[in-house]
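Given next are the chains, with one letter for each unit.
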Amino acid sequence: MDMRLGLVGDVHTLFDARDVAQLDASSYDALLFVGDLAGYLDDGRTVARCIATLATPALVMPGNHDAAPLPHLAAEAFGLERLIRLTELGQDRRCARLRRALGKVPLVGYSVHDLVSDDLSITVVAARPHSFGGTRLAFARHLASRHGIDSMQASTRRLRELVDAATHQDLVFLAHNGPAGLGDAPHSIWGRDFGGSHSSLPRDFGDPDLRDAIAYATSSGRRVRAVVAGHMHHGIKGGGERIWQLQRDDTLYVNAARVPRIRDGLRHHVRLSLSKRQAHAEAQLTTRS
Ligand SMILES: [Fe+2]
């Protein structure tokens, strides 16, 4: 029987007891949250407490909104170094609060997690937490104090070490933002749709360290079955919808960030089914009330 994973995209405060009941009734082997539980004015702990009540095993990757209130988020978004230094000091404490609110559910990042079903065993490689996208290392102080990571190069090295430490040959990468290399247009799975075509930011807003880790895993004989992330919302600025899944070679890339995830009474998540041969992703819009 396939391994069945429920993927929950950027929540941005929209997750409640109805989602818990619906997901627990769906017989998933595990649930992967790609991050951004928080909103601009909500620190995400209400959602975290709700996630803590799930009976289904779950992993939560923190996003750029998590443990970063609005002034800190804005400072990181615009690379305002002085404001970053003023606002970043409380992030370790805010992350600890989020971790407590999640209870038994781990807040992951730079970590590996084994999942086993009847026919398949995989290791989930949880990549760099709090990714903002692009080549700049955001939330650097927290990454240094919590994980000992002080540069994109150090992050790249750590992700390679995690690949080497994985128990199983079959891997699923879990990240907040997707890898570099798949973002050549605004509607690409992780293409930049903000800032206009003349922005100095690259169009490809994927994570370079994650791209390297995927290539390293493949070259080391691992089988990267899926890469699961979000961050770049499905609805793109200026209109239209982003490509949200993409098969490249043996790997299925899934961007689960349909925002808002509850719209017109429909609750979104993605069902990822993994057999020994195939990976298949299907959007789920449920109406349970
Ligand atoms: Fe995000």
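The preceding data block contains the structure.
What comes next is a walk through the structure. Model, not experiment: these values are computed from the prediction.

Thresholds applied
Residues numbered from 1 in each chain as written. Predicted model: local features only at pLDDT ≥ 70, side-chain atom pairs only at ≥ 80, totals over all residues. Heavy atoms only, no water. Patch = residues over 30% accessible without salt bridge, like charges linked within 9 Å, V, L, I, M, F, W, Y side chains within 5 Å. Areas by Shrake-Rupley, 256 points an atom, 1.4 Å probe, with all protein chains shown as cover. Salt bridge = Lys/Arg side-chain N within 4 Å of Asp/Glu carboxyl O. Helix = DSSP H or I, 4+ residues; strand = E, 2+ residues; numbered from the N terminus. Donors = N, O, S within 2.8 Å, 3.2 Å for Na, K, Ca; no water. Tetrahedral: all angles 85-135°; square planar, octahedral: opposite > 155°, others 65-115°. Buried < 20%, exposed > 50% of the residue type's maximum accessible area, 1.4 Å probe, protein only. Expected span 1.5 Å × (residues − 1). Contact = heavy atoms within 4.5 Å. Core = buried A, V, L, I, M, F, W, Y, C linked by side-chain atoms within 4.5 Å. Axes fitted to C-alpha atoms, helices over the stretch in contact; angles between N-to-C directions. Parallel < 35°, antiparallel > 145°, perpendicular 65-115°, else oblique. Left-handed = near helix turned anticlockwise from the far one by under 90°. Nonpolar A, V, L, I, M, F, W, Y, C, P; charged D, E, K, R; others polar.

1. A word on a nonpolar patch on the surface
Thinking step 1. Together, Phe-78, Leu-80, Leu-83 and Leu-86 line one region of the surface with nonpolar side chains, adding up to about 440 Å² of accessible area.
Thinking step 2. Following the sequence through the fold, Leu-86 ends up in helix H4 (residues 81–87).

2. A short note on the coordination of the iron ion
Thinking step 1. The protein atoms that coordinate the iron ion are Asp-36 (OD), Asn-64 (OD1), His-176 (NE2) and His-231 (ND1), at distances spanning 2.1 to 2.2 Å.
Thinking step 2. Of note is the iron ion, whose 4 donor atoms meet at the metal with angles of 86 to 166° in an arrangement that counts as irregular.
Thinking step 3. Along the chain, the residues donating to the iron ion fall in the pattern D-x27-N-x111-H-x54-H. Taken together, the residues Asp-36 in the loop between strand E2 (30–33) and helix H2 (45–51) and His-231 in the loop between strand E7 (223–230) and strand E8 (245–248) connect sequence positions 195 residues apart. An identical accessibility class is assigned to Asp-36 and His-231; each is buried.

3. Description of helix H7 (residues 152–165)
Thinking step 1. Taking 1.5 Å per residue, 14 residues should reach 20 Å; H7 reaches 20 Å between its end C-alpha atoms and fits that length.
Thinking step 2. Buried residues of H7: Met-152, Ala-154, Ser-155, Thr-156, Leu-159, Leu-162 and Val-163, and no others.
Thinking step 3. In this structure, the buried residues of H7 make contact with strand E4 (111–116), strand E5 (121–126), strand E6 (170–177) and helix H8 (208–219).

4. Observations regarding the nonpolar core
Thinking step 1. Among the nonpolar cores identified, the biggest contains 29 residues, and Leu-171, Phe-173, Trp-190, Leu-210, Ile-214, Val-227 and Tyr-253 are the most heavily contacted of them.
Thinking step 2. Elements represented by at least two residues in this core include exactly H7, E6, H8 and E7.
Thinking step 3. Dropping the residues within four chain positions of it, Val-227 is found in contact with Phe-173, Pro-179, Trp-190, Leu-210, Ile-214, Thr-251, Leu-252, Tyr-253 and Val-254.
Thinking step 4. Formed by 26 residues, the second largest nonpolar core is a distinct cluster that contains Ile-122, Ala-126, Ala-226 and Val-254.

5. Concerning the packing of H7 against H8
Thinking step 1. At a minimum axis separation of 9 Å, H7 and H8 run at an interaxial angle of 30°. By the angle between their directions, the pair H7 and H8 is classed as roughly parallel. Seen from above, H7 lies across H8 with right-handed handedness. The segment H7 lies against H8, with Met-152, Ser-155, Thr-156, Leu-159, Arg-160, Val-163 and Asp-164 engaging Pro-208, Asp-209, Leu-210, Asp-212, Ala-213, Tyr-216 and Ala-217.
Thinking step 2. Residue composition of the contact of H7 with H8, grouped by class: 8 nonpolar, 2 polar and 4 charged.

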